Structure formats: structure tokens, C-alpha cells
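# Residue-level structure breakdown
Below, each chain spelled out in residue letters.
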Amino acid sequence: MPATHPSVTGRHELKPDDICAIFCPTPSVRPTTVFRVGSSLIFAASLSLTIALPASAADERDYDRWALCPADAYVPTKPLAEQPLEPGAIEVTSDQARAVEDGPTTFTGNVQVIREGQVMRADVLSYDPATDVLQFRGAARFWDEALFWSGTGGRYALDREFGRLDDGDYQLLGNRRGHGSATVVAFDGQKNRSRLEHVDYTTCPGAVPAWRFSARTIKLDHDGDWGVARGATLKLHDVPVLYLPYVSFPLSDKRKSGFLPPTLGSSTDSGADVSIPYYWNIRPAYDATIIPRILGDRGVMMGGQFRYLLPTGQGQVDGELLPSDSQFDDESRSSFKFFHYQRFDDYRGTAEVRYAHVSDKEYFEDFGNNLGIAATRFLEQRADVTYVGRGWFGFARVQNYENVDPSFAGASGPYKRLPQLFVRSRWREPNLRPGLRFEAETSYFDRENSTTGGRIDLRPALIFPWRTPGSFVLPMVELRHTEYLLDANTAGDDHVSRTVPVVSVDSGLVLERLFDFGETALVQTLEPRAYYVFVPQTEQDEIPVFDTGEFDLSFNQLFRPDRFSGRDRVGDTHQVSIGLETRILEGHTGFERLRAGLGQIFYLENREVSLPGQIGSSDSVSELIGEVAAHLTREWSTGAALQWDPNDSETRKAALRLRYRQQDGPIVNVEYRLRRARTNIEQTDVSMRWPVTRRWGLIGRWNYSFEESSTLEVVGGLEYESCCWGVRAAARRFLSTTTRQFDTGIFLQIELKGLAGFGRSTESFIGKTVPGYEPTF
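Values in this document were obtained by computation on a predicted structure and should not be read as measured data.

Quick notes on the rules
- Residue positions are given per chain, counted from 1 along the sequence in the order it is written.
- Totals for whole chains, interfaces and linings use every residue, but because this is a predicted model, local features are given only for residues with pLDDT of at least 70 and side-chain atom pairs only at 80 or more, for both listing and counting.
- Here the side-chain values reflect all heavy atoms present in the structure, with hydrogen atoms and water set aside.
- Only DSSP runs of H or I covering at least 4 residues are called helices, and only runs of E covering at least 2 are called strands; the numbering of each starts at the N terminus.
- Throughout this description, buried means an accessible area under 20% of the type-specific maximum (1.4 Å probe, protein chains only), exposed means over 50%, and partly exposed covers the range between.
- Arc definition: it is the arc formed by the directions from the helix axis to the C-beta atoms.
- In what follows, a contact means two residues having at least one pair of non-hydrogen atoms within 4.5 Å.
- A side-chain nitrogen of Lys or Arg and a carboxyl oxygen of Asp or Glu constitute a salt bridge if their distance falls within 4 Å.
- In predicted models, pLDDT denotes the confidence assigned by the predictor to each residue on a 0 to 100 scale.
- Whenever a nitrogen or oxygen atom comes within 3.5 Å of another N or O atom, the pair is scored as a polar contact, on the condition that within protein one atom can donate a hydrogen and the other can accept it, and that pairs from neighbouring residues in sequence are kept only if both atoms are in side chains.
- A pair of strands counts as paired when DSSP detects no fewer than two bridges linking them.
- To count as a disulfide, a pair of cysteine sulfur atoms needs to be within 2.5 Å.
- Joining through side-chain atoms within 4.5 Å is the link that ties buried Ala, Val, Leu, Ile, Met, Phe, Trp, Tyr and Cys residues into a set, and such a set is a nonpolar core.
- Within the patch definition used here, like charges are joined within 9 Å and nonpolar side chains (Val, Leu, Ile, Met, Phe, Trp, Tyr) within 5 Å, considering only residues with over 30% relative accessible area and no salt bridge.
- Using the Shrake-Rupley algorithm and a 1.4 Å probe, accessible areas are obtained, with residue cover drawn only from the displayed protein chains.

### Topic: the overall build of the protein chain
Of regular secondary structure, the protein chain possesses five helices and 44 strands. Looking at the protein chain as a whole, 43% of its 777 residues are labelled buried.

### So, helix α5 (residues 761–769)
Where α5 is concerned, the buried positions are Thr762, Phe765, Ile766 and Thr769. All buried residues of α5 lie within an arc of 95 degrees about the axis, which places them on one face of the element. Against β39 (681–691), β40 (696–705), β41 (710–721), β42 (725–735) and β43 (742–752) lie the buried residues of α5.

### Points about the pattern of salt bridges
Summed over all chains, the structure comprises 54 salt bridges. A single salt-bridge network, built from bridges that share partners, covers Arg417, Glu439, Glu441, Arg455, Asp457, Arg459, Asp547, Arg567 and Asp568.

### Brief notes about the confidence of the model for the protein chain
For the protein chain, the mean per-residue pLDDT works out to 84, and 88% of the residues sit at or above 70. Low pLDDT, under 50, characterises residues 1–62; the stretch is placed with 159 contacts to residues that sit more than four places away or in other chains.

### Comments concerning the environment of Leu436
Within the element layout of this structure, Leu436 appears in strand β26 (residues 435–446). Put simply, Leu436 and Val477 are 41 residues apart on the chain and 9.9 Å apart in space, counted from C-alpha to C-alpha.

### Considering the side chain of Glu439
Mapped onto the elements, Glu439 comes out in strand β26. A distance of 2.9 Å separates the side chain of Glu439 from the side chain of Arg567, its partner in a polar contact. Residues within four places of Glu439 in sequence aside, it is in contact with Phe422, Val423, Arg424, Asp457, Leu458, Arg459 and Arg567.

### A look at the pairing of strand β10 (residues 193–202)
In terms of strand pairing, strand β9 (residues 179–188) meets β10 through eight bridges, oriented antiparallel. Among the inter-strand pairings, Ala186 is bridged to a residue of β10, identified as Arg195. Hairpin connection from β9 to β10: four residues lie between these consecutive antiparallel strands, with Asn192 at a positive phi of about 55 degrees. Across eight bridges, β10 lies against strand β11 (residues 211–221) in antiparallel orientation. Each residue of the ladder has a partner; that of Glu197, found in β11, is Thr217.

### A look at the state of the cysteines
By the definition in use, this model includes two disulfides. Covalent S-S linkage joins Cys69 and Cys723, the inter-sulfur distance amounting to 1.9 Å. Residues Cys69 and Cys723 share a disulfide whose torsion about the S-S bond is about 95 degrees; that sign makes it right-handed. Here Cys723 lies in the loop between β41 and β42 and Cys69 lies in the loop between α2 (44–52) and β2 (89–93), a separation of 654 residues in the sequence. When sorted by exposure, Cys69 lands in the same class as Cys723, which is buried. In this model Cys204 forms its disulfide with Cys724; the gap between the sulfur atoms is 1.8 Å. Since a negative S-S torsion denotes a left-handed disulfide, the Cys204-Cys724 link at about 95 degrees is right-handed.

### Here we look at the nonpolar core
Generally speaking, soluble globular proteins have nonpolar side chains that are buried together. Counting 40 residues, the largest nonpolar core has Val113, Met120, Leu125, Phe136, Trp149, Trp211 and Ile218 as its most contacted members. Within the second largest apolar cluster, 13 residues are counted, among which are Val533, Leu553, Leu558 and Ile625.

### Brief notes about a nonpolar patch on the surface
Together, Trp392, Val423, Trp427, Leu436, Phe438, Ile456, Leu458, Leu462, Val477, Leu485 and Val503 line one region of the surface with nonpolar side chains, adding up to about 920 Å² of accessible area. Sorting the residues of the nonpolar patch by element identifies β26, β27 (453–463) and β29 (471–486) as the ones contributing at least two each. Along the chain, Ile456 falls in strand β27. You can call Ile456 partly exposed: its relative accessible area is 34%.

### Considering the environment of Leu509
When you line up the elements, Leu509 lands in strand β30 (residues 495–509). In sequence terms Leu509 and Arg529 are 20 residues apart; their C-alpha atoms lie 6.6 Å from each other. In contact with Leu509, not counting residues within four places along its chain, are Gly470, Ser471, Leu526, Glu527 and Pro528.

Shown next as C-alpha cells:
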């Protein structure tokens, strides 16, 4: 066994006498020594190369982003220490060692140095105590946890903690395929800075990679967590396509000012659409993004976003300005949005402000980048305060809406709330004992050319709950009293009130059985439910309608006491609702395989109370409601809902959904929607992402209306992914909800894996277009 020199503490422990005492008597045996070099980092220069490169190792997605790549270039196996090392110790082995008293010590032949997971090999390693410099040369190699480097040699000055590596190639290890070369990698330990010269980087295989990023020099400030590259060039197949004389970048997750990847697109109305965002890291708690947006047929729009963090809150301000729109009579167009969220009193209270404004009603139609934004009808402007006290909950709101739908008149939009105040009890409700509930609300409503005024609503209730693990009965008596204090200019009485009692009994069972399906243990529930409610008829025709509408009937709505939302109407009824629901769950995981429900309301009296312009109902039963959702396999899922009206023998609503989703494979969504209540809608919606090969994929959506015999939206796109880059392109043609004219948009994304991406809004757009879509690069 080779001799081992015990580790010692101190700065310069490697002495010629020590080496000769160990190595000189047995020169034929490969010598080994272990020593410390204080806190100096002999290999710090090579580490700086790892820090300089994009940190692509930690990928949050669960797929292998390098699955299309060939096997990594061969990396020699990292050597291990012959004996376990103490923390901070270094093991040096070589074929020969020569020491001169008060002169240099030289190791030659298969020199190997191991220190805390780092390994360096070279032909020659020398240490000169006069200069306190370590030098290594000849077939130098270096390994650590993240990097393998090979080059001609290097040096390290112990006293100045300054080192450099010369003329080397590197390969990132782990799930990082980056590789390249650098003529110089230097590290200044005292200043904690690095310098790299003539560096190139790519994640692509081959002698001529698909893309390569090069820089004349890169300087890194590790304390400041930022770097600067000069003379940077991006090449595609060795053809320069982008030159940046100066570019700065962060070395960690810390924010750094600089340009972000641009967004590219096109539309029929605006022409080419290019955004070039600049990120400004103002302070740790403040940042901003400045977004010049070039619209080929309209002009140059300036957009921006400002974000801030407070000790107990946060906020954001967004804005856009187009000084002169060539497609809008050269008028100025703009948008503004503000959001703030605040917590107070040890998180018992919250405050939130949301404000949005646009210059004209066609703004979203012209500048929205998806159908949801383009179809926006009202912009909400509100401020909320909530507070959770001991035994009570309070809420206050001021709310306004800005009409951005040209088809809506001013008197047909939502009312303003100036303000709304609400309080509700949070008392414990013990089992088999009477309990109390209480809630109250007061609001003032205002709208142009409409009835305006205040409303006070009180709702005390008495309950007597009876609950067991498999059943419940909840009787309740509630009194609803409402006062209206209307403005003097309102037609009719300026003071209207209403008092209505509500009696209800909700009851149900939860039955379970265990069974096996193949090798899978399952649990099936059977949950019958009966709900009785009585609300006497009360004259309400003189009461204005501020915020009330009629609920769409659904399975859950069968078991609510009121068919109206809001507080301006209390629906009279005498009814019994009967429902049956069943679920099948996996016994070990709780995963829901099937859920199905069927229910109906049986009316014992006619309903007289209605909204203005509507009439009551004398039907003895409601629509029959059926809903089902199932996960047939891990890939297949389906859902269906049906509302059939036995009074008219007509289907009022129907919906069918089928989805096939394979992990990292095809995604297909097929939906059918039918509605004959209040509005007539009959549509199909088909979307998919289908891999044609391992590299190519198709993206599409088709939304068709049978009522209009017209396509509402169609999207077609392609994805291509290679080992180290990918591209997405999508074209969209959609029917405007206001102008009823078609518009066309084009989306493009280019991703250089491990470096950067351009046009990443395309990924977001496709995610909304194809439910269940997850990008593969």
C-alpha cells in the first residue's frame, strides 16, 4: 500500500522534507499524499466555467427534454480517492515526485489530485513555495459534480487565490447537454470574479451544431450574481444570425435588467406584430418591464408593467399606448390596469383593488391576443376589504364596470355598487342542538338613466342539525327582510320593503360498499338526497332589479332554496327535490373513477314571482337533470350532462365531452354543446395535439356553430422538436363577437434548448386552445 501523509492544518503544509520522507525511499511505488490548503479553492477557475453557462439542469417538467438526442459524448470515469478524505483534505498521487529544499516540488506521471468531489489529472504538477504557485500541464483533465473539462494545463496562485485553465473543452454533466470550449478560464478568489475568453456553447451534437453561442470575453461577478459578455454571436449551422456587442445576464435566479426574448406574431387587422420587452430590475422589491410593440399596419405601441412587493402586500400596474393608430383615424389608443393586494391585522383582514380602463370599445377586438380577451364586454373596477373576526365575517366593496361592448347600451350593463357592505355570522353549529345563523347586507346601486337607490337585506335563521357519519338532516327556518330606499327621481314609491319566511329541510344518506374489479379495490357510494323547501308568494313587482338573475338549473341547483341569484327577488315555491348520486373511487388512492347524478324537482304549487318581462311557471316538475363524469382509463375520460323537460318533451341543455390524453403523446378533445334555454346554442368544439413522428406534431382546433352554420374559430399549427431546438407555429382565424367579421392571427415560437426562447406567448395560446396540452420543449 502506498504511504499516506496525515493531513494537517495551516496554509502551507506541503514541505519537501515531508515528501521525501514518504516518497523517496520507495520511488517505484506510486506515491500518495494528503494535505490541506486552508480555504483556498485550487479548482475555482474551472468552476467559474460551469457558473457562466445556462443553468438548464433543473427542468421543472417531468419529461426528458433530451430524449431525441444521441448518447452523450464519452466522458472518462471520474476517479475516486483511495481512502476516505477528511473535509478540506486533498489527495495527490503520481508515478514520481521530486522535491528540492526551499525549491519547487514536482509530481510527474499520471498525476491525480482529489478534493471533496473534484478531481484533476495532468502529466505534471509542480508547486513553487517561493511564488506560492501550483502549475499543472500536459493532458489536463478536471471532473466535478457538474462539469468535465480537458485542456493543456493551468496554474493557481495560492496567496492571491488566482487561477486559470488554458485551451480546454468542457462537457456539462447530469441532465445538461451543454458543451463547448474556452481558451482561458480565469478566477480571482479575492474578488470572487471570473473571466473567460473565446468561449462557445451549444447543446447540439455534431461537428457543425444546429446552433452555437460564442463570445469573445465573458466576465462574471459571483458576489453580484451577474455576468457580461462582449462580442457575442449566435450562429445557426455556423452561419452568424445575431451579433450582440454587449449583453449582460444573471448567474442565479436573482433578477437582472436586460432584454427578454421577443414575441412574434401577425394578424389581418394589425399586420406583423413584434414585441421586444426590456426587463428593469429596479430594486429587490420593485421591477418593471418596458414593452415596445411594433404593429405593421398601425404603428408603434409602447407598453409597460410595474410590479412591487410590500411586507404584507403586492401590486402591479400595466399600461399600453399607441399615440396614432393608422387603422383608427390616427387616434390615440390606450389601456391601463392596476392591481393591489394587502393583508393587515395578522392576516385576519385583506384589501384588494382592481382597476381596468381602455380608450375605446374596439380596443380588445383589435389588440387582444386570444378569443377570450377579444370577447371582453365589461371591465371591472372595484375595491374590496374583507375581515374575519371571532364569530363573524365582514366584507366591503366599491364596484364599477366599464362597458367595452359596442352592442350594449349604457342602461343595460351592470349596476355600480357605491358601496356594498356585508356581514355574516361564523358561530359554531353543535349537533342535535339549535343554532343561529345571521347575515346582513346593505348596498347603494347607481346606473345612468336607471332606477337607483339603496338596499338593506337581513337574513336571520334558526337551524337544528342532525349529523352522523352516514346521514344528515338539516331543518332550517329563515326570515328574509329587505328594505329599499330609492332616489326621489325614481318612478313609483321611494320606499319599498319585503319580508318572506323560508322553511327548508335538507336530508341525505351516504352508503358505501367495497368490491374488486380485477386486481383493483374499489369503493362505491350511493348518496340519495331529499330536499324540501317552502317559500310563500309575496308581491315583488314594485321592487327594482339591481343585481339579480335566474340561476341556470343544474344538479347542485336542485338543492338550493332560491332560484334567483342576488337579493331583489325571493322565489316563491313549495317543492321537494329528489336526487341520487353515486361515485366509484379507488380504495387505496381515492382516485375518482366515476361520478353520476340524477335528480328532479317536484313542485307542489305554481310559481308566481318572476323577473321583469318574464312570467311565472305552472309546471309540476322541473327538467330532469342527469350528469356523469368518468375516467375510463388513465388516458380516456368523458363527461355528459342532460336536461330534459318532460313538460314540453324537449331537451333544454346537453353537453358531451370526450378526452384522450396520453402522457407525452396524443391529446384529443371532442365537445358538443346544446342550449335551448334563453339562448339558442348548438356547437361542436374539437381540438387536438397529435404527434406524427417523434419530432413532428400537429395542433388544431375547430369550433363550429350549427345555429349560424358557420365556423367560429379554427386553429392549425405545427410543432417540430429536435435534440437541441424546437419551433411552434400556429395560425388562427376567428369570428369577432362584435363586428361578426373574421380576423386572422399567426403565432411563432423558436426555442433553443438550454439557451433561450423567442415568442413564448405561443405556448400559452396553444395551452388555452387545446385543453390538457403540455409543451414538450
